Amino acid sequence: METGKVTVEKVDGKSTVTRCFSKYPLKFIIPTKVGPSKSDAVWIYTLTYGGGIVSGDSISSEFNIGDGCTTVLTTQASTKVYKSLGSKCSEQFLEARIGRDSLLAVIPDPVTCFSTARYSQKQVFRVLSDSNLVIVDWITSGRHESGEKWDFDLYKSTNNIFLDHDQPLFLDTVLLEQGNIAAITERMRDYQVIAMVIILGPKLKHIQTQVQEHVKMIMSEQLQVPFVGLRGHIKSNSSICFTKPPFIASCSLFGPKVLEALIESPTDLRLGETTNLHGVQSHLHYSASLVGH
């Protein structure tokens, strides 16, 4: 059952919320002013009563972004998923339609799952050839101040993008589940964050190029190999020491003008801090002028 719906349309030449509906446990906050007064962007903050998602919650929301509109969907704090009771799974579903020459930026704070939590989310985006879309989807390892690192039972996140309503453009699922052979924390090997950034659309081409070049540069520095001589022999150097990189980043193009960047960072999380997305985050600042921030 739908728990939230928002429609954004052009009214007197400005992006305007023309319909907004939500019910427990979901709530929308739409400030009247964010950023410069001349900016044409609607900011929508999503939150849940109680400050998080409770075991067994099922949240479904729909967003319709009209032609030429700019919308930012974000949160006020990390999405907390509380402990599972009786193996109940909390679920969240989002579907968004982005019109011609429109921009939707989905840039929430990261998901933080408590110990034993079970959480599944699915986001479906329907775009046109000239739609623009930014998605940031990330999860932390948990509540470090409580000694929890990858202690949840299940986390599943699916992101699907369809072009012209039904042509699959991007289909992706991240699944982390406690197993009988190895716990999640063993498989993650001290990495504390998984983040994915998807950048699509002609308005964002400049960011796509910047991110691709930056990831190539930082990972070539992270994964330097010993010098190989002309005969193919590795020249010994006692100063060379291979260690696990502090973060792993990769990016790839798929479909028309789409860039995916996957960032993992082992940065310790402290209360009041967010993990760092390294250079990718700085490149996303380019889009600040597009969303009025």
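Residues numbered from 1 in each chain as written. Predicted model: local features only at pLDDT ≥ 70, side-chain atom pairs only at ≥ 80, totals over all residues. Heavy atoms only, no water.

Some remarks on the overall build of the chain
So, step 1. Across its full length, the chain carries four helices and 17 strands.
So, step 2. Each of the 293 residues in the chain was classed as buried or not, and the buried ones make up 48%.
So, step 3. In the chain, the proportion of contacts linking residues at least 24 apart, taken out of those at least 6 apart, comes to 72%.
So, step 4. For the chain, the accessible surface area stands at approximately 15,000 Å², while carbon and sulfur atoms represent 52% of it. (Helix = DSSP H or I, 4+ residues; strand = E, 2+ residues; numbered from the N terminus. Buried < 20%, exposed > 50% of the residue type's maximum accessible area, 1.4 Å probe, protein only. Contact = heavy atoms within 4.5 Å. Areas by Shrake-Rupley, 256 points an atom, 1.4 Å probe, with all protein chains shown as cover.)

Some details on the side chain of Asn 132
So, step 1. Its location among the elements puts Asn 132 in strand β12 (residues 132-140).
So, step 2. We classify Asn 132 as buried; its relative accessible area is 0%.
So, step 3. A polar atom in the side chain of Asn 132 sits 3.3 Å from the backbone oxygen of Asp 130.
So, step 4. At 2.8 Å, the side chain of Asn 132 and the backbone nitrogen of Lys 203 are in polar contact. (Polar contact = N/O pair within 3.5 Å; in protein donor to acceptor, adjacent residues only side chain to side chain.)

Regarding the pattern of salt bridges
Oppositely charged side chains are able to pair whenever their charged atoms sit close together.
So, step 1. Scanning the model with the defined rule gives nine salt bridges in all.
So, step 2. A salt bridge links Asp 130 to Arg 100; the nearest nitrogen and oxygen atoms lie 3.9 Å apart. With Asp 130 in the loop between β11 (118-127) and β12 and Arg 100 in the loop between β8 (90-98) and β9 (103-106), this pair connects stretches of sequence that are 30 residues apart.
So, step 3. The partly exposed category is assigned to Asp 130, whose relative accessible area is 25%.
So, step 4. The partly exposed category is assigned to Arg 100, whose relative accessible area is 43%.
So, step 5. Notably, a salt bridge pairs Asp 101 with Lys 203, separated by 3.7 Å at the nearest N-O pair. Residue Asp 101 is found in the loop between β8 and β9, and its partner Lys 203 is found in the loop between β15 (193-200) and α2 (205-222); the two are separated by 102 residues along the sequence.
So, step 6. Classification of Lys 203 by relative accessible area gives partly exposed; the value is 30%. (Salt bridge = Lys/Arg side-chain N within 4 Å of Asp/Glu carboxyl O.)

As for the pairing of strand β3 (residues 26-29)
So, step 1. Here β3 shows a clear split, with Leu 26 and Phe 28 buried on one side and none of Lys 27 and Ile 29 buried on the other.
So, step 2. Here β3 runs beside strand β4 (residues 42-48); their pairing, made up of four bridges, is antiparallel. Each bridged residue has a counterpart across the sheet, and for Phe 28 the counterpart in β4 is Thr 46. (Pairing = 2+ DSSP bridges.)

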